[in-house]
Amino acid sequence: MSSPRVGTAIPAIGGRLLTGTQRREALIGIADAGLDHVVFGDHISFHGGFGMDGLIQAAASLGCRPDLGVYVGLYLLPLRHPVPVARQLSDLAELAPGKLSLGVGIGGEDRHEVAVCGVDPTTRGKRMDESLTVLRNLIAGDRVTFHGDHFTVDEALVRPIPTKPAPLIVGGRSQAALDRAARLGDGWLGIWISPSRFAAATATIAALGTEIGRETAAFSHGLNVWCGLAPNRARARSAVADAMQATYRLPFDKFERYSPFGSAAEVTDFLGPYVEAGCTTFNLIPCGDNPETVITMAGEIHRQLTGDARRAAPHDTLICIRT
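Description of the structure in this document. Just so it is clear, the model here is predicted, and its values are computed rather than measured. (Residues numbered from 1 in each chain as written. Predicted model: local features only at pLDDT ≥ 70, side-chain atom pairs only at ≥ 80, totals over all residues. Heavy atoms only, no water.)

When the terminal C-alpha atoms of helix α1 (residues 20-32) are compared, their 19 Å separation across 13 residues agrees well with the 18 Å that a helix rising 1.5 Å per residue should span. Residues Gln-22, Arg-23, Glu-25, Ala-26, Leu-27, Gly-29, Ile-30 and Ala-31 constitute the buried set of α1. Among the structural elements, β1 (5-9), β2 (37-40), α2 (54-64) and α10 (291-306) are those in contact with the buried residues of α1. After α1 finishes, the residue Gly-34 shows a positive phi value of roughly 90°. (Helix = DSSP H or I, 4+ residues; strand = E, 2+ residues; numbered from the N terminus. Expected span 1.5 Å × (residues − 1). Buried < 20%, exposed > 50% of the residue type's maximum accessible area, 1.4 Å probe, protein only. Contact = heavy atoms within 4.5 Å.)

So, in C-alpha cells, the structure goes:
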C-alpha cells in the first residue's frame, strides 16, 4: 500500500481569515513543513455572503509557490458554465503542470447560495452531470458539441491541450455521487464518513466503473477532514468545534465523531484506518490557536502517515507568520 498524500488548508484562527501577506507566508510554511499540497474550498455566497473562489485561490497559490500542489475541493461546478472552467484549468495546467487536483461537488448546505447564482437547487445533480461531461471532454482536447437540459455548446474547443490535465474528483456521500464518480470522475472525495463506509463507497465505485468499462485502479480517493490541532486536547476540541459551528450553524456534536482533535499523534491515529480503507489523499481543514503551530502539527501528521523523515522538526521552526 502506497503512502497517502497529505495536504492542509490555510488555517483560519478564531474564525478570522489570515491577511494576504499572512496567507503567502502560510504557503511557504506549508511547503517547508513537507506537506504535499494546500487545500482550498469554494463558495460564492455561503451563509450570509462568505466565500472564496477556489480556482482564483489556486492561481494565486501556484503563482506564489508553483512547487506546492493545490487541491480545490469542493468546487461548486453546477454554478458555473463548463467552457470557462475548462479555460481556467487549461491556463492553470500551463502555469504549473500536474500540480492541480479539482474536486467538484453540488453543494447545498446553503441553498440560498445556489439560488442567488440563478440556479434552481433541485437541478444541481443534473447540471453537474452535464457540466462534468462537457468539461472532461474539453480538457481532453476534444471539440465538443453538447445539447442538454441545462447546458448547450456547439463546436467548443479549448487550447492548448494540457499535457497533464487536472484530475476531476467527485465529492458527495449520496449514491448519485458515487455513480457520478464511477462514470465521470478520476476518483472520489468524502467527508464526515466512517472508515467502513469509506471502504464500502470506494468498492461501489470500483464495481460501477468495471460495469461500464472504466479502469478504476488509478482512481484517487480522498477525505476532507476538519481537525483541531493543539498540544492541549481540550483547546484543540474547542478550536474545531467553534469553527465548525460558525461555518455550518449546527452543533459540533453532529460532526464530532468524524472530526479528530488533539496532538499530531492523536489525529494520525484517527486517520490510520482510512488509509487501510483505501484513502490515498487527506485534505486537512485544521483549526488551532495560531497558524505556526497548526502548520507544524499538520507537517508532523504528514510525516507520521507517510513515514517521511526527510523533513525534521527543527526545520519546521522556521515557519514565521506575522499575526
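This part takes up α2. Among the residues of α2, those classed as buried are Gly-54, Leu-55, Gln-57, Ala-58, Ser-61 and Leu-62. One face of α2 carries all of its buried residues, which in axial projection span an arc of 155°. In this structure, α2 carries Ile-56 and Gly-63 as exposed residues pointing more than 90 degrees from its buried face. In this structure, the buried residues of α2 make contact with α1, β2, β3 (69-75), α3 (82-95) and β4 (100-104). Put simply, Asp-53 is the residue that caps the front of α2, since its side-chain oxygen is 3.0 Å from the backbone nitrogen of Leu-55. (Arc of directions from axis to C-beta. Polar contact = N/O pair within 3.5 Å; in protein donor to acceptor, adjacent residues only side chain to side chain.)

Bringing the environment of Leu-189 into the picture now. Of note, Leu-189 is situated in strand β8 (residues 187-191). Assessed through its relative accessible area of 2%, Leu-189 is described here as buried. With 90 residues separating them along the chain, Leu-189 and Cys-279 place their C-alpha atoms 9.2 Å apart. Ignoring sequence-local partners within four residues, the contact set of Leu-189 consists of Tyr-71, Gly-73, Leu-74, Ile-169, Val-170, Gly-171, Gly-172, Gly-222, Leu-223, Asn-224 and Asn-283.

Turning our attention to the packing of helix α6 (residues 175-184) against helix α7 (residues 195-211). Look at α6 against α7: their axes get within 8 Å of each other, and the N-to-C directions meet at 50°. The angle between α6 and α7 falls in the class oblique. For α6 against α7, the interelement crossing comes out right-handed. The residues of α7 that touch α6, namely those facing Gln-175, Leu-178, Asp-179, Ala-181 and Ala-182, are Ala-201, Thr-204, Ile-205, Leu-208 and Gly-209. Residue classes in the contact of α6 with α7 are distributed as six nonpolar, three polar and one charged. (Axes fitted to C-alpha atoms, helices over the stretch in contact; angles between N-to-C directions. Parallel < 35°, antiparallel > 145°, perpendicular 65-115°, else oblique. Left-handed = near helix turned anticlockwise from the far one by under 90°. Nonpolar A, V, L, I, M, F, W, Y, C, P; charged D, E, K, R; others polar.)

Moving on, we get to the environment of Ala-230. Tracing the backbone through its elements, the reader meets Ala-230 in the loop between β9 (220-229) and α8 (233-248). When sequence neighbours within four positions are dropped, the list of residues in contact with Ala-230 reads Arg-235, Ala-236, Gly-262, Ser-263, Asp-289 and Met-297.

Okay, the packing of aromatic side chains next. Evaluation of the coordinates by the stated rule reveals eight aromatic pairs. Look at Trp-192 and Tyr-248: their rings are 5.2 Å apart centre to centre, the planes differ by 80°, and that puts the pair in the edge-to-face class. Linking Trp-192 in the loop between β8 and α7 with Tyr-248 in helix α8, this pair joins segments that are 56 residues apart in sequence. Like Tyr-248, Trp-192 is buried. Where Trp-226 meets Tyr-248, the ring centres are 5.9 Å apart and the plane angle is 70°; that geometry is what we call edge-to-face. In this pair, Trp-226 is assigned in strand β9 and Tyr-248 in helix α8, connecting sequence segments 22 residues apart. Summarising the burial analysis for this pair, Trp-226 and Tyr-248 share the class buried. (Phe/Tyr/Trp six-rings, centres within 6.5 Å; stacked < 30°, edge-to-face > 60°.)

This part is about the side chain of Glu-130. By the element assignment, Glu-130 lies in helix α5 (residues 124-139). A distance of 2.8 Å separates a polar side-chain atom of Glu-130 from the backbone nitrogen of Asp-149. With near-sequence residues (within four places) excluded, Glu-130 lies in contact with Phe-146, Gly-148, Asp-149, His-150 and Phe-151.

With that settled, the discussion passes to unusual backbone geometry. Following Gly-73, the chain continues to Leu-74 via a peptide bond in cis, the omega torsion being 5°. Within the secondary structure layout, Leu-74 lies in strand β3. Here the bond from Arg-159 into Pro-160 is cis, since omega is 0°, no more than 30 degrees from zero. Examined against the element boundaries, Pro-160 turns out to sit in the loop between β6 (152-156) and β7 (168-171). The backbone of His-47 sits at a positive phi, close to 45°, despite the residue not being glycine.

The next subject is the nonpolar core. Among the nonpolar cores identified, the biggest contains 89 residues, and Leu-55, Leu-89, Leu-100, Trp-226 and Phe-282 are the most heavily contacted of them. The dominant element in this core, judged by the number of residues it contributes, is α8, at seven residues. Setting aside chain neighbours within four positions, we find Trp-226 in contact with Ile-191, Trp-192, Val-240, Ala-243, Met-244, Thr-247, Tyr-248, Tyr-258, Ser-259, Pro-260, Ile-285 and Cys-287. (Core = buried A, V, L, I, M, F, W, Y, C linked by side-chain atoms within 4.5 Å.)

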